[in-house]
Amino acid sequence: SHGERVRLAEHDPAWLPDKVRKLPPDARKTLGKELLRASREGLAQAQELLYADDRWSLLVVFQAMDAAGKDSTIKHVMSGVNPQGCSVTSFKQPSAQDLDHNFLWRTWKAVPARGQIGIFNRSHYEDVLVVRVHDLVPEARWRRRYQHLREFERMLTDEGTTVIKFFLHITADEQRQRLQDRIDDTTKWWKFNPADLTERERWDDYQAAFSEMLSQTSDPVPWWVIPANHKW
């Protein structure tokens, strides 16, 4: 709930349910694939009802450190939906036009219409994360944004948009390995960005920013902290 202090260090990024942990490694992955396949089928059916009813919409928000699996999660989980009713928005460095408006302006443009699913790869929360870590605006200004974000999501919810927010939680060691894999595997070179290494140097600052984000903005829409060390 809002104001409840979250300490990411207390959440194990490698956590597994006991019944899964007891399985051999190959069996774990097989079970994960089976559950994913069943979930995709259910999601496809639900999307048809959402689209046909044309009264509600769904917004799915992903936040995480670099290499935590946002892109692959979106790719695999949403591969069963009809692309005509689903859009993905990646929130990168704001443009000059974005900066000439309030910080939520570019978010408003991407909110899903009725009957649609919208996915945010990063999101409006960048304005209390990277903005904070890189000291882009005064602290008093970005701290006010927690309330703005809560009110924004409350309005969306009141108007018929279901908002679901996921934070993919990995360890620093797991991120290091994934970034190294992008260098070692030539088919993944396109994923590697030297800026990722610069951001990695600010790991502790980002963990503090994420922890406060989770603490301050879990009401009215709760955050789900996903142990993401195991990609499957």
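Just so it is clear, the model here is predicted, and its values are computed rather than measured.

Undergrad: Is there a simple way to explain the overall build of the protein in this structure?
TA: Broken down by element type, the protein carries 10 helices and five strands. Against the compact-globule benchmark of 17 Å for 232 residues, the protein has a radius of gyration of 18 Å, which places it among compact chains. Its C-alpha atoms put the protein at 50 × 45 × 40 Å along the principal axes. Excluding contacts between residues fewer than 6 apart, the proportion of contacts in the protein whose partners are at least 24 apart in sequence is 80%. Only carbon and sulfur atoms are counted for the fraction: they give 52% of the accessible area of the protein, which is about 13,600 Å². Side chains of the protein give 34 positive and 34 negative charges; the mean places of these two sets differ by 2 Å.

Undergrad: Would you take a moment to explain the layout of surface pockets for this structure?
TA: Leftover empty space is mapped by rolling, across the atoms, a probe with the size of a water molecule. Volume-wise, the second largest pocket comes out at about 190 Å³. Lining the second largest pocket are 10 residues, with V6, H11, S218, W223 and V225 positioned closest to its centre. The element that contributes the greatest number of residues to the lining of the second largest pocket is strand β5 (residues 223-227), accounting for three residues.

Undergrad: Explain the sheet that holds strand β1 (residues 57-64) here, please?
TA: The strands that make up a sheet pair up through hydrogen bonds in the backbone, lying either parallel or antiparallel. Across the sheet, five strands lie side by side as β2-β3-β1-β4-β5; this open sheet has parallel pairing. Edge positions in the sheet fall to β2 (86-90) and β5, since each of these pairs with one other strand and no more. Sheet twist, expressed as the average angle between the axes of neighbouring strands with direction ignored, equals 20°. Running at roughly 150° to β1, helix α3 (residues 70-77) makes contact with β1, β2, β3 (117-121) and β4 (161-169) of the sheet.

Undergrad: I'm lost on the pairing of β1 in this one. Help?
TA: Counting buried residues in β1 gives eight out of eight residues, a clear majority hidden from the surface. Side chains S57, L59, V61 and Q63 project from β1 onto one buried face, and the interleaved L58, V60, F62 and A64 project onto a second face that is buried too. Here five bridges tie β1 to β3, and the two strands are oriented parallel to one another. Directly across from V61, in β3, lies its bridge partner F120.

Undergrad: Looking at this structure, I do not really get the pattern of salt bridges. What am I missing?
TA: Oppositely charged side chains can form a pair if their charged atoms are brought close together. The full count for this structure, using the stated rule, is 12 salt bridges. The salt bridge partner of E126 is R122, with a shortest N-O separation of 3.8 Å. We classify E126 as buried; its relative accessible area is 10%. D127 serves as the salt-bridge partner of R145, at 3.5 Å between the closest nitrogen and oxygen. Residue R145 is found in helix α7 (residues 139-158), and its partner D127 is found in the loop between β3 and α6 (130-133); the two are separated by 18 residues along the sequence. Taken individually, R145 and D127 each receive the classification buried, so the pair is uniform in this respect. Taken together, the shared-partner salt bridges in this structure form one network comprising R132, E139, R143 and E212.

Undergrad: For this particular structure, what's the right way to read the side chain of N121?
TA: Among the structural elements, N121 can be located in strand β3. What makes N121 buried here is its relative accessible area of 8%. Apart from residues no more than four positions distant in its own chain, N121 is found in contact with F62, K70, D71, I74, T89, S90 and F91.

Undergrad: Would you mind going over the nonpolar core with me for this structure?
TA: The nonpolar side chains of a soluble globular protein tend to be buried with one another. Within the largest apolar cluster, 47 residues are counted, with the highest numbers of intra-cluster contacts made by I119, F210 and M213. Where this core is concerned, the elements lending two or more residues are β1, β3, α6, α7, β4 and α10 (203-216). In this structure, I119 is in contact with V60, F62, I74, M78, C86, S87, V88 and T89, ignoring residues within four places of it in sequence.

The rules behind each value
- Residues numbered from 1 in each chain as written.
- Predicted model: local features only at pLDDT ≥ 70, side-chain atom pairs only at ≥ 80, totals over all residues.
- Heavy atoms only, no water.
- Helix = DSSP H or I, 4+ residues; strand = E, 2+ residues; numbered from the N terminus.
- Rg over C-alpha atoms; globule rule 2.2 N^0.38 Å.
- Contact = heavy atoms within 4.5 Å.
- Areas by Shrake-Rupley, 256 points an atom, 1.4 Å probe, with all protein chains shown as cover.
- Lys, Arg positive; Asp, Glu negative; His and termini not counted.
- Charge placed at Lys NZ, Arg CZ, Asp CG, Glu CD.
- 1 Å grid on protein atoms, 1.4 Å probe; cavity = no way out; pocket = protein on both sides within 12 Å on 5 of 7 lines; lining within 4 Å.
- Points joined across faces, edges and corners; volume = space filled by probe spheres on them.
- Pairing = 2+ DSSP bridges.
- Axes fitted to C-alpha atoms, helices over the stretch in contact; angles between N-to-C directions.
- Buried < 20%, exposed > 50% of the residue type's maximum accessible area, 1.4 Å probe, protein only.
- Salt bridge = Lys/Arg side-chain N within 4 Å of Asp/Glu carboxyl O.
- Core = buried A, V, L, I, M, F, W, Y, C linked by side-chain atoms within 4.5 Å.

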